[in-house]
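A look at the structure
Chain by chain, the residues run as shown.
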Amino acid sequence: MKTITVALANTPYKIYVGEQLICAKNRLLQPLAMGKDVFVLSNKTVYQAHGKKLHAFLSAHGLRAYVHLVGDSETSKSLRSAISVLQAIVRFDRQKDVSLVAFGGGVIGDLAGFCASIYKRGIPLIHIPTTLLAQVDASIGGKTAVDLPQGKNLIGSFYQPKAVLSDATFLKTLPTPQLACGLAEVVKYGIIKDVTLFSFIEQNYHALLLADSAALSHVIEQASRIKAKIVTQDERETRSIRTILNFGHTIGHALEAAGNYRRYNHGQAVALGMLCAADISAQLGLMPAATVRRIETLLANLTLPVQIKHISLNTILSYQFRDKKFSGKTNRWVLISGRIGRVCVKQNIPLAIIRAAVAKRMASV
Ligand code: NAD
Ligand code: GLY
């Protein structure tokens with residue numbers, strides 16, 4: 001088991017990463033100041049697959065658990081389901097000292113985080129993420145959110161958990177496209193901060209896609225270390241340090257929205273967005289064109305898309321203008337600076353260059 005500290009001045013916490021972490025012999029919650037009652041938020045898919053392990057783990061700590069299941073999709077990240085979760089907590093919380101355990105992917109993590117942050121102005125929150133994306137990204141750093149019909153993540157808060165417990169063995173039951181989605185984010189960490197992590201994925205993509213727990217533990221640990229460090233330096237994204245986590249997300253978010261959140265999942269959209277950002281970096285002479293091909297080969301090996309289909313160039317560009325990184329006439333891009341492992345933030349990239357980068361990714365179908 002590896003331990004990573006998110007060394008925030010006021011709300012430090014530990015991320016535990018390993019195989020078979022969630023079992024009766026591991027008393028990882030013991031050092032935390034929490035009461036005897038835990039409200040577990042999960043969904044049917046996750047709970048049916050791994051609920052027994054969670055119960056054995058919580059019982060070994062002497063904790064009493066109440067389980068609340070929400071629907072299995074992004075639609076659960078709504079104000080309506082937040083209210084129903086909060087009402088269920090109220091029913092469970094009669095004179096108890098309740099903590100919230102988020103047991104699932106990023107949807108559960110974001111919803112649980114939001115509810116934990118506002119119930120009684122904040123109750124202890126533990127993340128036990130069960131998708132790779134949630135282990136390397138959503139559960140770390142304290143961003144919580146629910147969606148509005150007008151857009152994703154429009155209502156939210158910053159609220160740090162007491163601990164994050166990332167068990168790679170949970171990923172054995174994760175469908176391969178979901179695993180690939182998380183691996184896209186791991187590739188992102190390699191590109192922005194760590195060429196050794198990038199090379200590890202190049203050499204081990206097959207094992208990673210087969211959910212090999214040792215290979216996955218390694219990338220979860222490395223990615224978590226990178227995110228923990230960035231969040232520690234810029235918790236509220238006010239110093240342009242956390243911004244680099246958005247590498248590939250400018251076009252990625254536009255593609256997700258243009259495809260009505262159905263055509264591309266988050267990781268697929270980010271994969272295509274990273275290729276566009278890499279292409280822009282090459283067009284601006286910030287790095288060699290061969291690096292775009294290296295990234296493309298890795299993403300294709302991870303079964304991620306490298307060509308955009310069924311959405312027009314103009315639609316993508318119009319969604320890109322709506323992105324929150326685009327204010328007025330100014331755009332802001334995270335680009336590769338010289339080599340994999342180093343990025344910079346640049347503003348005012350000419351539209352012709354963005355257009356050319358996206359056009360290159362359009363499939364001729
Ligand atoms: P998800 O939570 O919808 O999970 C994907 C699917 O995998 C679901 O059907 C889920 O039931 C299933 N699943 C989860 N664990 C499983 C397991 N071990 N075995 C089998 N199936 C399992 O999606 P996600 O990709 O984990 O998260 C996406 C969400 O995360 C989005 O809402 C996004 O906005 C949010 N997010 C938040 C942050 C943040 O910083 N807060 C960062 C990135 C993404
Ligand atoms: N997922 C981006 C961030 O946490 O800042």
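As shown above, the structure is provided for reference.
Everything quoted here is computed from the prediction, not taken from an experiment. (Residues numbered from 1 in each chain as written. Chains lettered and ligands numbered in written order. Predicted model: local features only at pLDDT ≥ 70, side-chain atom pairs only at ≥ 80, totals over all residues. Heavy atoms only, no water.)

Further remarks concern the side chain of Ser81. One can find Ser81 in helix 2 (residues 79-92). Residue Ser81 is classed as buried on the basis of its relative accessible area, which comes to 11%. Here Ser76 takes part through its backbone oxygen, which lies 2.3 Å from a polar atom of the side chain of Ser81. (Helix = DSSP H or I, 4+ residues; strand = E, 2+ residues; numbered from the N terminus. Buried < 20%, exposed > 50% of the residue type's maximum accessible area, 1.4 Å probe, protein only. Polar contact = N/O pair within 3.5 Å; in protein donor to acceptor, adjacent residues only side chain to side chain.)

Turning our attention to the packing of aromatic side chains. Evaluation of the coordinates by the stated rule reveals 4 aromatic pairs. Seen from their ring centres, Phe39 and Phe92 are 6.1 Å apart, and the 55° between their planes marks the pair as tilted. Taken together, the residues Phe39 in strand 3 (residues 37-43) and Phe92 in helix 2 connect sequence positions 53 residues apart. Residue class for Phe39 comes out buried when judged on its relative accessible area of 0%. The class for Phe92 is buried, based on a relative accessible area of 10%. Grouping aromatic residues by their ring pairs yields a cluster made of Phe39, Tyr66 and Phe92. (Phe/Tyr/Trp six-rings, centres within 6.5 Å; stacked < 30°, edge-to-face > 60°.)

Our next topic: the site of ligand 1. Every one of the 25 residues lining ligand 1 counts as a neighbour, but Asp72, Glu74, Thr130, Thr131 and Thr173 are closest to it. Between ligand 1 and Asp72 there is a distance of 2.7 Å, counted from an oxygen atom to a side-chain nitrogen or oxygen. Contacts to ligand 1 include Thr131, whose side-chain N or O atom sits 2.6 Å from an oxygen atom. For ligand 1, whose unbound accessible area comes to 870 Å², protein coverage reaches 87%. Taken together, the elements giving at least two residues each to the shell around ligand 1 come down to helix 1 (44-60), helix 3 (106-118), helix 4 (132-138) and strand 8 (151-158). Its residues assigned to classes, the shell around ligand 1 comprises 7 nonpolar, 10 polar and 8 charged. (Near = heavy atom within 4 Å. Areas by Shrake-Rupley, 256 points an atom, 1.4 Å probe, with all protein chains shown as cover. Nonpolar A, V, L, I, M, F, W, Y, C, P; charged D, E, K, R; others polar.)

Turning next to the sheet that holds strand 4 (residues 64-70). Pairing in this open sheet of 7 strands is mixed, and the strands run 1-2-9-6-5-3-4 from one edge to the other. Unpaired on one side and paired on the other, strand 1 (2-6) and strand 4 mark the two borders of the sheet. Strand-to-strand twist in this sheet, taken as the mean axis angle between neighbours without regard to direction, amounts to 20°. Bridge count for strand 3 against strand 5 (residues 98-104) is 5 bridges, and the pairing is parallel. (Pairing = 2+ DSSP bridges. Axes fitted to C-alpha atoms, helices over the stretch in contact; angles between N-to-C directions.)

In this section: the pattern of salt bridges. As enumerated under the stated definition, the model contains 13 salt bridges in all. Residue Asp137 is joined to Lys227 by a salt bridge in which the shortest nitrogen-to-oxygen separation is 2.7 Å. Residue Asp137 is found in helix 4, and its partner Lys227 is found in helix 7 (residues 213-233); the two are separated by 90 residues along the sequence. Across the pair, Lys227 and Asp137 agree in class, each one buried. Its salt-bridge partner being Glu237, residue Lys143 comes within 2.7 Å of it at the nearest N-O pair. Residue Lys143 is found in strand 7 (residues 143-148), and its partner Glu237 is found in the loop between helix 7 and helix 8 (249-258); the two are separated by 94 residues along the sequence. Counted as one network, the salt bridges with shared partners bring together Glu74, Lys77, Asp110, Asp147 and Lys152. (Salt bridge = Lys/Arg side-chain N within 4 Å of Asp/Glu carboxyl O.)

This part takes up the pairing of strand 12 (residues 343-347). When strand 11 (residues 330-336) meets strand 12, the two strands line up antiparallel, connected through 5 bridges. Across the sheet, Trp333 pairs through a bridge with Lys346, a residue of strand 12.

So, on to the site of ligand 2. Around ligand 2, the surrounding shell consists of Asp137, Lys143, Lys227, Arg242 and Leu245. The contact in question runs from a nitrogen atom of ligand 2 to an N or O atom on the side chain of Asp137, over 3.0 Å. Between ligand 2 and Arg242 there is a distance of 2.8 Å, counted from an oxygen atom to a side-chain nitrogen or oxygen. Contact with the protein chains covers 84% of the free accessible surface of ligand 2, which is 200 Å². Of the residues that constitute the shell around ligand 2, the class distribution is 1 nonpolar, no polar and 4 charged.

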